[in-house]
Every structure is written in structure tokens, then in C-alpha cells.
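In case you want the letters, here they are:
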Amino acid sequence: MSPEQLGALAESLGGPTAPAPAARPDWKWKLGLAVVAGVILFCTGIGVGALIFRSNDDGEGGEKGDSALVLAKDKCSLSSANASVGDGGNSLTLNGAGKEGFGLSYTNIECVLKELNTPDHVISEMSSTRALDGKQTAQWGKIRASWTYHPDQGLDLILVSE
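A quick note: this is a predicted structure, and the numbers were derived from the prediction, not measured.

The rules behind these values
Residues numbered from 1 in each chain as written. Predicted model: local features only at pLDDT ≥ 70, side-chain atom pairs only at ≥ 80, totals over all residues. Heavy atoms only, no water. Salt bridge = Lys/Arg side-chain N within 4 Å of Asp/Glu carboxyl O. Helix = DSSP H or I, 4+ residues; strand = E, 2+ residues; numbered from the N terminus. Buried < 20%, exposed > 50% of the residue type's maximum accessible area, 1.4 Å probe, protein only. Arc of directions from axis to C-beta. Contact = heavy atoms within 4.5 Å. Disulfide = S-S within 2.5 Å. Pairing = 2+ DSSP bridges. Axes fitted to C-alpha atoms, helices over the stretch in contact; angles between N-to-C directions.

Draft legend 1. Region of interest: the pattern of salt bridges. All told, the structure shown has 4 salt bridges when counted by the stated rule. With a closest N to O distance of 3.9 Å, K75 and E115 form a salt bridge. Within this pair, whereas K75 is found in helix α3 (residues 68-75), its partner E115 is found in helix α4 (residues 106-115), the two being separated by 40 residues in sequence. Here K75 falls in the exposed class, since its relative accessible area comes to 59%. K114 is the partner of D120 in a salt bridge, and the nearest nitrogen-oxygen pair spans 3.7 Å. Owing to a relative accessible area of 56%, D120 belongs among the exposed residues under this scheme.

This is the structure:
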């Protein structure tokens, strides 16, 4: 006899009725919902991560869309050890050679400046900077430059494309 039949018999005889079987929660539905929510969260995390890493890309590589700074660095064949691209390709730091250290020759730095159409007066200012002059700056077009010079460390130049 089924539980329902036993309950009906007990009720007809006036005895205590058997409790109705407890309804079980539909665990398959809840599991399915949890899986779907997990997949959505995972995909969202992957998408956000891709955006973060793409925006932190240093922009090197000479591909279409690279900034003028990256293109100048590539055209002048400068190593990343002394010419580092930053800010997604919008800044270029050049480490010039001095008496006490290795770095880029003035010819390498001048190559980059020529590629960026640096006015002659700015190049002359850089060439005549002394250690006592401290940090110097100049701007032309969308390029802003700041530099220091010391005979031991050489000319250190930061170029920013705005």
C-alpha cells in the first residue's frame, strides 16, 4: 500500500493520519542557476581582465596605430634597455651615455628627435645644457620634453605625447 492509501485508511478508521511526505526542494534547478551565475561571473572577470591588461600595454611593436614616440624608437633601432616606452605608447624615456655609465649615444638621441620633427632650437638647448642648469623643458606640437644633463650620467630625456 502506498503512503496515500495508508493515510486514507487511517483517516476512515478515525485513527491518526500519517504525515504527508515532505516536499523536496528542486535541487537540480538550484544547481543549474548556480552554474549559470558562475559562468556569467567568470566571463565578466575575463572581460575586465582583458580591458585592464590591454590598457596597460606599453604600445611597442611598430604596428598600425602606434604613437609617434614608438615609431621613432623603432625607426632608430633603440634597445629597450636605454629607451623605454610607457603610458601605453605615450611616453618615451631615453637614457644617454655618460662618462660613468652605458646608454644611448647622442647620435641615437638625435635620431629620435629628428623623427619627431624637433625644432632646431630645442636640439640646441639640449646640446648646451649644463649639469648646473637642472631640469629643462620644451614643447612643440603634441610633444613635451624634459631633460637633465650631467657629464657622468649623460643626457636623460623624457618625451611625452599629449
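Draft legend 2. Here's a closer look at α3. Burial in α3 covers these residues: L69, V70, A72 and K73. One side of α3 carries all its buried residues, which in axial view fall inside an arc of 160 degrees. Each element contacted by the buried residues of α3 is listed here: β1 (83-86), β2 (91-95), α4, β4 (143-150) and β5 (154-161). Taken from the residues just after α3, S77 is the one with a positive phi, measuring 55 degrees.

Draft legend 3. Broad picture of the state of the cysteines. Taken as a whole, this structure holds 1 disulfide when the rule is applied. There is a disulfide in this structure between C76 and C111, and the S-S distance comes to 2.0 Å. Since a negative S-S torsion denotes a left-handed disulfide, the C76-C111 link at about -90 degrees is left-handed. In this pair, C76 is assigned in the loop between α3 and β1 and C111 in helix α4, connecting sequence segments 35 residues apart.

Draft legend 4. Structural detail: the sheet that holds β1. Strand order in this open sheet of 5 strands is β1-β2-β5-β4-β3, and the pairing throughout is antiparallel. With one partner strand each, in any of the chains shown, β1 and β3 (136-140) form the two edges of the open sheet. Neighbour-to-neighbour, the strand axes of the sheet open up by a mean angle of 15 degrees, direction not taken into account. Relative to β5, β4 is paired through 8 bridges, and the arrangement is antiparallel. Counterpart to W147 in the pairing with β5 is L157. Running over the sheet, α4 touches β2 and β5 and is turned about 20 degrees from β5. In the packing of helix α5 (residues 120-127) onto the sheet, the strands contacted are β3, β4 and β5, and the crossing angle to β4 comes to about 20 degrees.

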